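Now for the letters of each chain:
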Amino acid sequence: MSVDDLLKRYQAGERNFKGVNLVGGYLNGVNLSGATLKGASLSEVDLSQANLVGVDLTEASLVRANLSEANLTGANLSGANLYEAKLTGAILDRAVLKMADLIDADFTAANLQRANLYGAYMMGTLLQDAIMPDGSINR
């Protein structure tokens with residue numbers, strides 16, 4: 001499926017894009033709130049400034065994806081692979097990142113307030129100035 005096809009289908013009311021392959025796609029600033037992208041291949045996709053509120057990204061591959069300043073409030077990223085993903089300034093309030101691979105991901109100045117990071121693998125994860133789940137700011 002192409003990026004244009006996905007956006008047309010979303011505009012038409014479709015929300016289930018389970019397993020879609022958009023590797024390397026450009027989705028800067030798009031609204032995909034409430035969509036299901038479970039198991040999707042989104043490596044190296046530009047989703048910066050995207051509205052991803054409540055999106056299901058369970059077990060999605062977001063390797064080296066750009067999610068800078070994206071709104072992922074309430075999103076489910078359980079088991080997602082965010083290796084080297086860029087989430088600077090992203091909003092992840094109440095997001096679920098259980099068992100997610102966050103190795104070398106950049107969460108600089110991200111909002112992780114009330115996020116669930118249970119079992120997330122965070123080796124090398126950058127959290128400079130991030131708001132942590134407990135509301136504290138990581139310095």
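Preceding block: the structure.
Since the model is a prediction, treat every value here as computed from it, not as a measurement.

Some details on the overall build of the protein chain
Line of reasoning, step 1. When its secondary structure is counted, the protein chain shows one helix and zero strands.
Line of reasoning, step 2. For a compact globule of 139 residues, the expected C-alpha radius of gyration is about 14 Å, and the protein chain comes in at 14 Å, within 12% of that figure.
Line of reasoning, step 3. Taken over the C-alpha atoms alone, the protein chain extends approximately 45 × 20 × 20 Å along its principal axes.
Line of reasoning, step 4. For the protein chain, buried positions account for 45% of its 139 residues.
Line of reasoning, step 5. Residue pairs at least 24 apart in sequence account for 2% of intrachain contacts in the protein chain once pairs closer than 6 positions are excluded.
Line of reasoning, step 6. Roughly 6,500 Å² of accessible area belongs to the protein chain as shown, and the carbon and sulfur atoms make up 46% of that amount.
Line of reasoning, step 7. Measuring between centres, the 11 positive side-chain charges of the protein chain sit 7 Å from its 15 negative side-chain charges.

Comments concerning the environment of serine 43
Line of reasoning, step 1. Relative to the helices and strands, serine 43 is located in the segment after α1 (3–11).
Line of reasoning, step 2. A residue is classified by how much of its surface remains accessible, and serine 43, at 16% relative accessible area, is buried.
Line of reasoning, step 3. Setting aside residues up to four positions removed in sequence, serine 43 forms contacts with Val23, Gly24, Ser61, Leu62 and Val63.

Regarding unusual backbone geometry
Line of reasoning, step 1. Even without being glycine, glutamate 69 reaches a positive phi, approximately 60°.
Line of reasoning, step 2. One can find glutamate 69 in the segment after α1.
Line of reasoning, step 3. Its identity as a non-glycine residue notwithstanding, aspartate 129 has a phi of 60°, on the positive side.
Line of reasoning, step 4. Mapped onto the secondary structure, aspartate 129 falls in the segment after α1.

Quick notes on the environment of alanine 115
Line of reasoning, step 1. When you line up the elements, alanine 115 lands in the segment after α1.
Line of reasoning, step 2. Owing to a relative accessible area of 10%, alanine 115 belongs among the buried residues under this scheme.
Line of reasoning, step 3. Sequence separation of alanine 115 and threonine 36 is 79 residues, and the distance between their C-alpha atoms is 19 Å.
Line of reasoning, step 4. When neighbours within four sequence positions are excluded, alanine 115 is seen to be in contact with Leu92, Arg94, Ala95, Leu97 and Pro133.

Criteria and thresholds
- Residues numbered from 1 in each chain as written.
- Predicted model: local features only at pLDDT ≥ 70, side-chain atom pairs only at ≥ 80, totals over all residues.
- Heavy atoms only, no water.
- Helix = DSSP H or I, 4+ residues; strand = E, 2+ residues; numbered from the N terminus.
- Rg over C-alpha atoms; globule rule 2.2 N^0.38 Å.
- Buried < 20%, exposed > 50% of the residue type's maximum accessible area, 1.4 Å probe, protein only.
- Contact = heavy atoms within 4.5 Å.
- Areas by Shrake-Rupley, 256 points an atom, 1.4 Å probe, with all protein chains shown as cover.
- Lys, Arg positive; Asp, Glu negative; His and termini not counted.
- Charge placed at Lys NZ, Arg CZ, Asp CG, Glu CD.

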